[in-house]
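# Notes for the structure review
Read off the chains here:
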Amino acid sequence: MRLLLVEDDVQLAEGIATDLRRAGFAVDTADNGIDAEFLGLEQTYDGVILDLGLPGKPGLDVLKSWRQQGVGTPVLILTARDSWTDRVSGLKSGADDYLGKPFHFEELWARIEALLRRSTGRAAPSLSVAGLSLDEERQRVQRADGVEVALTGTEFRLLRYLMSHPDKVLSKSRLTDHVYEGDHDRDSNVLEVYVRRLREKIGRDHIETRRGQGYIFRSQA
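All of the points below concern the structure found in this document. (Residues numbered from 1 in each chain as written. Predicted model: local features only at pLDDT ≥ 70, side-chain atom pairs only at ≥ 80, totals over all residues. Heavy atoms only, no water.)

### Looking at the sheet that holds strand β4 (residues 75–79)
Spatially, the five strands line up as an open sheet ordered β2-β1-β3-β4-β5, and their pairing is parallel. The outermost strands of the open sheet, each flanked by one partner alone, are β2 (26–30) and β5 (97–100). Adjacent strand axes in the sheet meet at a mean angle of 20°, parallel and antiparallel pairs treated alike. Here four bridges tie strand β1 (residues 2–6) to strand β3 (residues 47–51), and the two strands are oriented parallel to one another. Note on β3: the bridge partner recorded for Leu4 is Val48. (Pairing = 2+ DSSP bridges. Helix = DSSP H or I, 4+ residues; strand = E, 2+ residues; numbered from the N terminus. Axes fitted to C-alpha atoms, helices over the stretch in contact; angles between N-to-C directions.)

And the structure:
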């Protein structure tokens, strides 16, 4: 899953981004409202963490612009403003959740996970498909035979996205948009390498190749 983190406090942003990457997310960052608005319109994200007090353009205005232009990405507002009126303004502007500063990273992580589950129509906290159970905290997958397999960061992000969208044709460009940060490793041949590695770890029957279209993760392997 790929996130956009918008925070003008550089030290705080670096800390959050580091923790999110350790938790298995690809993270792009912006430190002002103008860049944030552009990235939200031009790039594909699974979720956004948005501070309100931004230079260049206020966070609420950025959020309103996204919603007016049809960007439906789940947004969690992260801000030091703590009055109920600010919370209401954020939610009415299109935010999906709200977290005040200071906060514990574990709560931020839990709220982001909840937003992503809702956005993919998943109610259960665990991700289990076709006999596979993904441990999102430890970034490991348990196969139907009970064997647990460790995953690299990229393997984990790719498998989580595939399992979150079972039985759907996912193009290579869509997968790279949601698995990688910025323009990193966007060569389709690199994606094929990671698909091959996943097949070696979980079995070949789970991921089907559709020539000229992309891949399908089968809910019935």
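### Regarding helix α2 (residues 33–42)
Burial in α2 covers these residues: Gly33, Ala36, Glu37, Leu39 and Gly40. Taken down its axis, α2 places every buried residue within 165° of arc, on the same side. Turned more than 90 degrees away from the buried face of α2 sit Ile34, Phe38 and Glu42, all of them exposed. Close packing links the buried residues of α2 with β1, β2 and α3 (59–68). At the N-terminal end of α2, a side-chain oxygen is found 3.1 Å from the backbone nitrogen of Ile34, two or three residues along, and the residue is Asn32. (Buried < 20%, exposed > 50% of the residue type's maximum accessible area, 1.4 Å probe, protein only. Arc of directions from axis to C-beta. Contact = heavy atoms within 4.5 Å. Polar contact = N/O pair within 3.5 Å; in protein donor to acceptor, adjacent residues only side chain to side chain.)

### Considerations on the side chain of Glu155
Examined against the element boundaries, Glu155 turns out to sit in helix α6 (residues 153–164). A polar contact of 2.9 Å, which involves the side chain of Glu155, links it to the backbone nitrogen of Thr152. In contact with Glu155, other than residues within four places in its own chain, are Ala150, Tyr194, Arg197, Leu198 and Lys201.

### What to know about the packing of α6 against helix α7 (residues 172–179)
At a minimum axis separation of 10 Å, α6 and α7 run at an interaxial angle of 120°. As the angle between them shows, α6 and α7 are arranged oblique. You can see that α6 and α7 cross each other, and the crossing is right-handed. Seen from α6, the contacting residues are Thr154, Arg157, Leu158, Tyr161 and Leu162; seen from α7, they are Arg174, Leu175, His178 and Val179. Looking at the contact of α6 with α7 residue by residue, the classes come out as five nonpolar, two polar and two charged. (Parallel < 35°, antiparallel > 145°, perpendicular 65-115°, else oblique. Left-handed = near helix turned anticlockwise from the far one by under 90°. Nonpolar A, V, L, I, M, F, W, Y, C, P; charged D, E, K, R; others polar.)

### Considerations on the packing of aromatic side chains
Across all of its chains, the model carries one aromatic pair by this definition. Lying across the ring of Phe25, Arg160 places its NZ or CZ 4.5 Å from the centre. Sitting above the plane of the Tyr194 ring, Arg197 keeps its charged end 5.0 Å from the centroid. (Phe/Tyr/Trp six-rings, centres within 6.5 Å; stacked < 30°, edge-to-face > 60°. Lys NZ or Arg CZ within 6 Å of the ring centre and 35° of its normal.)

### Quick notes on the nonpolar core
Phe25, Leu108, Leu158, Leu159 and Phe217 are the most contacted members of the largest nonpolar core, which has 46 residues in total. Ignoring sequence-local partners within four residues, the contact set of Phe217 consists of Val129, Ala130, Leu132, Leu159, Leu162, Met163, Pro166, Asp167, Ile202, His206 and Ile207. (Core = buried A, V, L, I, M, F, W, Y, C linked by side-chain atoms within 4.5 Å.)

### Some remarks on unusual backbone geometry
Residues Lys101 and Pro102 are joined by a peptide bond in cis, for which omega reads -5°. Positionally, Pro102 belongs in the loop between β5 and α5 (105–119). In the Ramachandran plot, Ala130 falls in the positive-phi region, its phi being about 55° despite a non-glycine side chain. Following the sequence through the fold, Ala130 ends up in the loop between β6 (127–129) and β7 (132–135). Positive phi, normally seen in glycine, also occurs at Asp167, with a value near 65°. Structurally, Asp167 is set in the loop between α6 and α7. Taking the relative accessible area as the measure of exposure, Asp167 reaches 41% and is therefore partly exposed.

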